[in-house]
Amino acid sequence: PKSASDAPDGNIVEKGGAAQRLRQDFAISQATRKLYTCTSCAAGSALSSNLFADSNTAITAGLLGAADAAERTNLINWVRGADNKDNEDSNGVSTDIRARIHGDLLHSRPAVVNYNRYGNDNDIMVYYGTNGGVFHAVKGGQADTDGGEKWGMVFPEFFGKLKRLRDNSPDISTTASKPYFADGAVSVYQKDADDDGKLVATKGDKVYLYVGMRRGGRFAYALDVSDPGDATNAADPKFLWKIDNSTAGFEELGQTWSTLRPARIRAVADDPVVIFGAGYDPENEDAL
């Protein structure tokens, strides 16, 4: 049943976990939510310079499939969490947080990184995608404040799918299959430069993420999350690269179901390589 209450876990599925933290942290306004995209990213550039927000004019109504500027603004704010479509919490307010802020985590196997900068088990980040359109970076650990989203990312390849989520139409059918987003496994490369058991960006340590999309698309992203931030400093995720079927040499890349496995080979002295399958042909599966 619908409920305006955010009571602890119970028989209402939408309550608890990271979704509960999102609703608590951004209950009244989502203006401070750190949600990024990558409309014009250079290798090594900070995601913080590419916001998924109404102020980013590179996110056009056309890219979102919006009819006009007003729908564009509403759609962006809805993805950020605003309850401006179906009044999901039944309170008549369109700017507070919507109940279904967190999409289904169907096949995206979360990547867990213990940075261990303070010698305890609370310096943990969890990275995963959902079929709500957002790739999430959530603070792990056991402290009372853990479980909250540090930042999220909306890959630009998904812009055209977001309107269907907000409209909740068309229904899933043989002619309109379920929309998938960052639904693949997330793999991690870690480099502890001085072998001290701590991952500290300022000391040259590295943490890279490799994100496959599964049915979400024929592309993959690599992100630098070496600096996860802390209680006083914001996280500093960076764009490393992406490949898709328009990338030279990857024209036959299919849907990226295969986990992108980082490895070291003799031919490349310093950096890791990523080994993965060539992809899944979407023409050879049923519509659902």
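Our structure's up above, just so we're on the same page.
Residues numbered from 1 in each chain as written. Predicted model: local features only at pLDDT ≥ 70, side-chain atom pairs only at ≥ 80, totals over all residues. Heavy atoms only, no water.

For a regular strand, side chains alternate in direction, first toward one face of the sheet and then toward the other. When you tally the buried positions in strand β7 (residues 206-212), you get 6 out of 7 residues, the bulk of the element. When strand β6 (residues 186-191) meets β7, the two strands line up antiparallel, connected through 6 bridges. Considered in β7, the bridge of Lys191 is made with Lys206. Looking at chain direction, β7 and strand β8 (residues 219-224) are connected through 5 bridges and run antiparallel. Bridged to Leu209 within β8 is Leu223. Linkage of β7 to β8, two consecutive antiparallel strands, is achieved through a turn of 6 residues, within which Arg214 is found at a positive phi near 55°. (Buried < 20%, exposed > 50% of the residue type's maximum accessible area, 1.4 Å probe, protein only. Helix = DSSP H or I, 4+ residues; strand = E, 2+ residues; numbered from the N terminus. Pairing = 2+ DSSP bridges.)

Let us now look at the pairing of β8. The element β8 is largely enclosed, with a buried count of 6 among its 6 residues. Where β8 and strand β9 (residues 238-244) come together, 6 bridges link them in antiparallel fashion. Note on β9: the bridge partner recorded for Ala222 is Trp241.

Here we come to the nonpolar core. Within the largest apolar cluster, 41 residues are counted, with the highest numbers of intra-cluster contacts made by Tyr127, Phe135, Trp151 and Phe155. Considering each element in turn, this core owes the most residues, 4 residues, to helix α3 (residues 69-80). The contact partners of Tyr127, leaving out residues within four places of it in the chain, are Pro110, Ala111, Val113, Tyr115, Phe135, His136, Ala137, Trp151, Val186, Leu209, Val225 and Pro228. (Core = buried A, V, L, I, M, F, W, Y, C linked by side-chain atoms within 4.5 Å. Contact = heavy atoms within 4.5 Å.)

Going through the model one piece at a time under the given rule, you end up with 14 aromatic pairs. Taken together, a centroid distance of 6.3 Å and an interplanar angle of 50° make the contact between Tyr127 and Trp151 tilted. With a gap of 24 residues between them, Tyr127 in strand β3 (residues 124-129) and Trp151 in strand β5 (residues 149-153) connect regions that are remote in the sequence. By the burial criterion, Tyr127 is buried, and Trp151 matches it. Look at Phe219 and Tyr221: their rings are 6.0 Å apart centre to centre, the planes differ by 80°, and that puts the pair in the edge-to-face class. Assigned by exposure class, Phe219 and Tyr221 land together as buried. Taken together, the ring pairs in this structure connect Tyr36, Tyr127, Phe135, Trp151, Phe155, Phe158, Phe181, Phe219, Tyr221 and Phe239 into an aromatic cluster. Taking the ring centre of Tyr180 as reference, the NZ or CZ of Lys178 above it sits at 5.6 Å. (Phe/Tyr/Trp six-rings, centres within 6.5 Å; stacked < 30°, edge-to-face > 60°. Lys NZ or Arg CZ within 6 Å of the ring centre and 35° of its normal.)

Structurally, a disulfide amounts to a covalent bond that connects the sulfur atoms of two cysteines. This structure, assessed with the given rule, holds 1 disulfide. With its sulfur 2.1 Å from that of its partner, Cys38 forms a disulfide with Cys41. Take Cys38: its relative accessible area is 8%, and that puts it in the buried class. (Disulfide = S-S within 2.5 Å.)

Positionally, Leu22 belongs in helix α1 (residues 17-25). For Leu22, a relative accessible area of 2% puts it in the buried group. Separated by 127 residues in the primary sequence, Leu22 and Glu149 place their C-alpha atoms 6.7 Å from one another. In contact with Leu22, other than residues within four places in its own chain, are Arg33, Ile97, Ile101, His102, His136 and Glu149.

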